[in-house]
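# Overview (structure and organization)
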Amino acid sequence: RYERFPMQKYGEIRKKLQKIVLPQYAEFIPSPLANIEDLKLCHEEDYILRYIRGEFTKDEILRSGFPWSQEGVRRSFSTVGGTVAAVKSVLQDSDEHIDHVDAHGVVTRIRKPKPYVSTHIAGGTHHAGYNTPRGFCIFNDIAVAACVAKRDYNISRILIVDCDVHAGEGTSFIFTKHLRDKDVYTLSLHCEANIFGELPVSSKDIFIPAGCGDAEYLSILQPALIEAWHANQPELVIFQAGVDSSEHDRIGRLKLTRDGLRKRNSMVLDYFLALGDDDGSIGAGPQKPVPVVACMGGGYPKDVEVGSVPFQNVVDLHCDVYLACCER
């Protein structure tokens with residue numbers, strides 16, 4: 001299966017964004033490696049160590065979708081470390097200072113403000129469970145990042161909005177069955193025809209019919225965001241922004257256009273960043289911005305050759321997510 005996984009999309013997306021995003025709108029930082037203590041917040045220690053040592057069973061290797069390698073271990077640690085770093089960037093006060101010029105031309109040295117939005121050009125490994133790999137996911141970066149936020153930054157309520165075409169069952173199992181943490185609200189919107197393995201047990205699971213297009217999808221997403229906000233009142237939102245709900249995806253069975261996916265991205269970001277209309281048309285939501293961290297998720301071209309049109313179309317869909325974040 002791994003031969004059909006579009007591994008090169010990560011580098012292609014980063015390079016394209018670095019060409020078109022101006023430095024004043026985003027800073028690109030290499031993803032650090034996660035540490036074992038952070039991983040242990042959401043994963044069984046024996047599971048972590050067996051993976052590091054290359055002691056996965058044949059069944060676990062098959063479930064993961066990848067053959068084991070040292071490079072794969074490093075990639076898995078980087079996948080988690082990057083999302084953790086993105087979460088830290090929206091919660092941690094900066095040590096940097098900048099010059100602020102007021103309306104009278106008076107210059108004051110102030111601490112660089114925290115961004116309201118941060119992203120990871122990877123991650124979204126929502127299939128990984130407490131001690132089980134699945135679907136190209138070894139460790140669950142979303143769950144680990146949420147737990148680090150709670151441990152290190154006194155964050156109690158967190159919302160995970162998972163818009164991948166596949167269910168975030170691993171995330172749901174970690175918080176519902178293993179950690180039993182009701183302060184982490186998991187919202188998963190997924191295609192009913194793209195379920196594999198166990199059914200998810202999210203705080204709110206929405207099974208979307210195969211063939212669903214833009215208008216129907218957005219009409220489902222909007223009230224789900226409102227319900228999640230009122231149920232959880234989050235202090236942090238993690239957005240799994242998979243684009244495999246595209247009409248052109250090799251695996252996904254939804255029919256969203258590029259414009260529809262852009263509207264999805266805007267709907268999630270604007271709602272939690274309090275950028276919606278004041279007339280209440282998108283529901284009484286946050287009155288001030290809630291920090292949002294976006295990670296990549298799925299997107300599977302019908303042709304894995306980097307130069308092919310299907311491959312570059314998937315790159316563009318992912319880039320749309322990050323550009324939407326930069327614009328805000």
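Just above sits the structure.
Report follows, based on the coordinates. The shown structure was predicted, so the numbers you read here are calculated from the model rather than taken from an experiment.

## Considerations on the side chain of D214
Locating D214 in the fold gives a position in helix α8 (residues 214–232). Comment: no salt bridge for buried D214; closest opposite-charge side chain is K263, at 6.3 Å. Discounting chain neighbours no more than four positions away, the residues touching D214 are K255, L256, T257 and G260.

## Points about the sheet that holds strand β3 (residues 117–119)
The strand order β3-β8-β7-β4-β5-β6 describes an open sheet built from six strands, whose pairing is parallel. Each edge of the open sheet carries a strand with a single partner, namely β3 and β6 (204–208). For this sheet, the mean inter-axis angle between neighbouring strands, taken without regard to orientation, is 15 degrees. Examined bridge by bridge, strand β7 (residues 236–240) and strand β8 (residues 292–295) share four bridges and lie parallel to one another. Within β8, the residue paired with V237 across the bridge is V292. Along the sheet, α8 contacts β4 (158–162), β5 (184–191) and β6; its crossing angle with β5, the most-contacted strand, is approximately 170 degrees.

## Section: the environment of Q240
Here Q240 is to be found in strand β7. Here Q240 falls in the buried class, since its relative accessible area comes to 0%. Here the alpha-carbon distance between Q240 and D162, two residues 78 residues apart in the chain, equals 4.6 Å. In this view, Q240 contacts G124, H126, I142, V161, D162, C163, D164, C295, M296, G297 and G298; residues no more than four positions away in its chain are not counted. At a separation of 3.0 Å, a polar atom in the side chain of Q240 contacts the main-chain carbonyl oxygen of G124.

## What to know about the side chain of D38
Tracing the backbone shows D38 in helix α2 (residues 36–39). Given the relative accessible area of 6%, D38 is considered buried. Aside from chain neighbours lying at most four places away, what touches D38 is V84, V144, V148 and R151.

## Quick word on the pattern of salt bridges
Charged atoms that come close allow side chains of opposite charge to pair. All chains considered together, the criterion is met by 21 salt bridges. K114 is paired through a salt bridge with D93; the nearest N and O atoms lie 3.6 Å apart. Residue K114 is located in the loop between β2 (107–111) and β3, and its partner D93 is located in the loop between α5 (70–91) and β1 (97–101); the two are separated by 21 residues in the primary sequence. Here D320 and R262 are joined by a salt bridge, their closest N and O atoms 3.3 Å apart. Highlighted residues: D320 in helix α10 (residues 309–327) and R262 in helix α9 (residues 258–272), separated in sequence by 58 residues. Look at D320 and you get buried, because its relative accessible area is 9%. Look at the salt bridges and you will find they share partners, linking E37, K40 and E45 into a network.

## A look at the nonpolar core
Counting residues in hydrophobic clusters, the biggest one holds 39 residues, and the most contacted among them are V161, L187, Y217 and F272. Put simply, the parts of the chain that give this core at least two residues each are β4, β5, β6, α8, β7, α9, β8 and α10. A per-element tally of this core places α8 first, with eight residues. Within the second largest apolar cluster, 35 residues are counted, among which are I160, F175, L236 and V293.

## Here we look at helix α1 (residues 9–20)
Spanning 12 residues, α1 covers 17 Å between terminal C-alpha atoms, matching the ideal 16 Å at 1.5 Å per step. Within α1 the residues assigned to the buried category are K9, I13 and L17. Buried residues in α1, looked at end-on, bunch into an arc of 65 degrees, giving them a common side.

## Focus on the layout of surface pockets
The calculated volume of the second largest pocket comes to roughly 340 Å³. In terms of lining residues, the second largest pocket is bounded by 18 residues, among which E235, K288, P289, V290 and P291 are the most central. Across the lining of the second largest pocket, the residue classes break down as 12 nonpolar, two polar and four charged.

Calculation rules
Residues numbered from 1 in each chain as written. Predicted model: local features only at pLDDT ≥ 70, side-chain atom pairs only at ≥ 80, totals over all residues. Heavy atoms only, no water. Helix = DSSP H or I, 4+ residues; strand = E, 2+ residues; numbered from the N terminus. Buried < 20%, exposed > 50% of the residue type's maximum accessible area, 1.4 Å probe, protein only. Lys, Arg positive; Asp, Glu negative; His and termini not counted. Salt bridge = Lys/Arg side-chain N within 4 Å of Asp/Glu carboxyl O. Contact = heavy atoms within 4.5 Å. Pairing = 2+ DSSP bridges. Axes fitted to C-alpha atoms, helices over the stretch in contact; angles between N-to-C directions. Polar contact = N/O pair within 3.5 Å; in protein donor to acceptor, adjacent residues only side chain to side chain. Core = buried A, V, L, I, M, F, W, Y, C linked by side-chain atoms within 4.5 Å. Expected span 1.5 Å × (residues − 1). Arc of directions from axis to C-beta. 1 Å grid on protein atoms, 1.4 Å probe; cavity = no way out; pocket = protein on both sides within 12 Å on 5 of 7 lines; lining within 4 Å. Points joined across faces, edges and corners; volume = space filled by probe spheres on them. Nonpolar A, V, L, I, M, F, W, Y, C, P; charged D, E, K, R; others polar.

Treat this as a map of the structure, not an account of what it does.
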